[in-house]
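One-letter residues, chain by chain:
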Amino acid sequence: MALILSELKDRTGILTLNNPERRNALSLELCEELRAALEDLRDRKVPVAIIRAPRDAKVWSAGHDIKQLPQVCHEPLAYDSPMEKALRAIQEFPGAVIAMVQGGVWGGASDLIMTCDIAVGDETSTFAITPVKIGLPYNASGIVHFINRVGLSIAKEMFFTGEPVKAERAYHFGILNHLVSSKEVERFTLELAASIAANSPLAVAVIKEQFRLLAEAHPLTADAFERIQALRRKVYNSHDYEEGIKAFFEKRKPVFRGE
Ligand code: YXS
């Protein structure tokens with residue numbers, strides 16, 4: 001069964017997350033299919049892509065497939081992991097990538113939304129980033145996506161609480177570019193995509209790449225880089241990370257010890 005459904009409407013590619021039984025969890029397989037689908041649209045010179053869940057989904061995506069998170073003592077969000085590759089495929093797609101959001105967005109899927117160029121949501125959309133719920137050290141590039149989208153203080157609140165941000169607030173803080181009713185969200189998003197697709201694809205692609213290079217330009221000393229790696233290693237080697245994963249599988253609240 002295809003985990004990503006791909007269709008073309010005029011000059012817009014529509015990619016639908018298609019694994020409702022697993023709440024569209026960003027499994028390695030789904031992320032691979034998402035990356036391949038974006039590359040296919042790129043090869044066919046499609047200028048705009050929409051990433052969505054099935055109509056009126058209660059859960060847009062449950063985030064990284066926890067069952068596939070590397071176990072303790074391994075880097076959980078490696079640079080070459082399928083989820084990270086899918087996020088970079090969105091950034092490198094030579095055209096606008098629009099997230100159309102209905103329902104709950106969890107964990108790494110919120111990072112995926114922050115990585116998209118534009119997000120349109122309806123009143124049911126919520127956004128949570130949840131590493132603190134399972135004792136996982138998020139990665140620097142993901143944190144930069146949030147800082148660039150919502151600013152430092154809201155990004156900190158989202159990461160420290162791990163709680164969903166509701167649609168109104170998500171719109172207020174810029175996670176959503178547009179908040180429209182669930183009846184309107186599909187039509188609105190397609191019209192927005194069509195308006196971008198009518199513009200110069202070369203100019204859009206080059207301006208998008210300039211945004212990426214400028215927004216990601218956070219100078220980091222070698223010492224700061226090494227410190228980040230050492231801090232993250234401490235977390236993914238910890239009891240808390242092991243306990244966080246275990247508690248999810250056992251469907252119980254984790255008991256963190258801070259070590
Ligand atoms: O128990 P079965 O086998 O029926 O499977 C259940 C869930 O275990 C499964 N499932 C997942 N499997 C792997 N990874 C997931 N992220 C995940 N989420 C759900 O799907 C089946 C149906 O789930 P269920 O019964 O809970 O559905 P629901 O409609 O009652 O609730 C939907 C959710 C999304 C509210 C609930 O499933 C949930 O809270 N899921 C976990 C959301 C989450 O914490 N995601 C973060 C994943 S870790 C991540 O993305 C980053 C690495 S980080 O941690 O840094 O943010």
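Structure shown above.
### A word on the pattern of salt bridges
One pass over the structure, following the stated rule, counts 17 salt bridges. Among the ionic pairs, Arg 35 bridges to Glu 32, the shortest N-O distance being 2.8 Å. Within this pair, Arg 35 and its partner Glu 32 are both found in helix α1 (residues 28–43), separated by three residues, close to a single helical turn.

### Description of the packing of aromatic side chains
Across all of its chains, the model carries three aromatic pairs by this definition. Consider the rings of Phe 146 and Phe 159, whose centres lie 4.9 Å apart with planes at 70°: the pair is edge-to-face. One end of the pair, Phe 146, is in helix α5 (residues 140–150); the other, Phe 159, is in helix α6 (residues 152–161), with 13 residues separating them in the sequence. Phe 146 gets classed as buried once you look at its relative accessible area, which sits at 0%. Relative to Phe 249, the ring of Phe 248 lies with its centre 6.0 Å away and its plane at 70°, an arrangement referred to as edge-to-face. A relative accessible area of 40% means that Phe 248 is categorised as partly exposed. Taken together, the aromatic side chains of Tyr 138, Phe 146 and Phe 159 make up a single cluster linked through ring pairs. The ring of Tyr 79 has Arg 88 sitting right over it, with the charged end atom 3.6 Å from the ring centre.

### A few points about unusual backbone geometry
Of note in this structure, Lys 45 is not a glycine but carries a positive phi near 55°. Under the relative-accessibility criterion, Lys 45 is labelled exposed at 67%. The phi dihedral of Asp 56 falls on the positive side, at around 60°, and the residue is not glycine. With respect to the helices and strands, Asp 56 occurs in the loop between β3 (48–52) and β4 (59–61). On the basis of relative accessible area, Asp 56 is assigned to the partly exposed category, the value being 43%.

The rules we used
Residues numbered from 1 in each chain as written. Predicted model: local features only at pLDDT ≥ 70, side-chain atom pairs only at ≥ 80, totals over all residues. Heavy atoms only, no water. Salt bridge = Lys/Arg side-chain N within 4 Å of Asp/Glu carboxyl O. Helix = DSSP H or I, 4+ residues; strand = E, 2+ residues; numbered from the N terminus. Phe/Tyr/Trp six-rings, centres within 6.5 Å; stacked < 30°, edge-to-face > 60°. Buried < 20%, exposed > 50% of the residue type's maximum accessible area, 1.4 Å probe, protein only. Lys NZ or Arg CZ within 6 Å of the ring centre and 35° of its normal.

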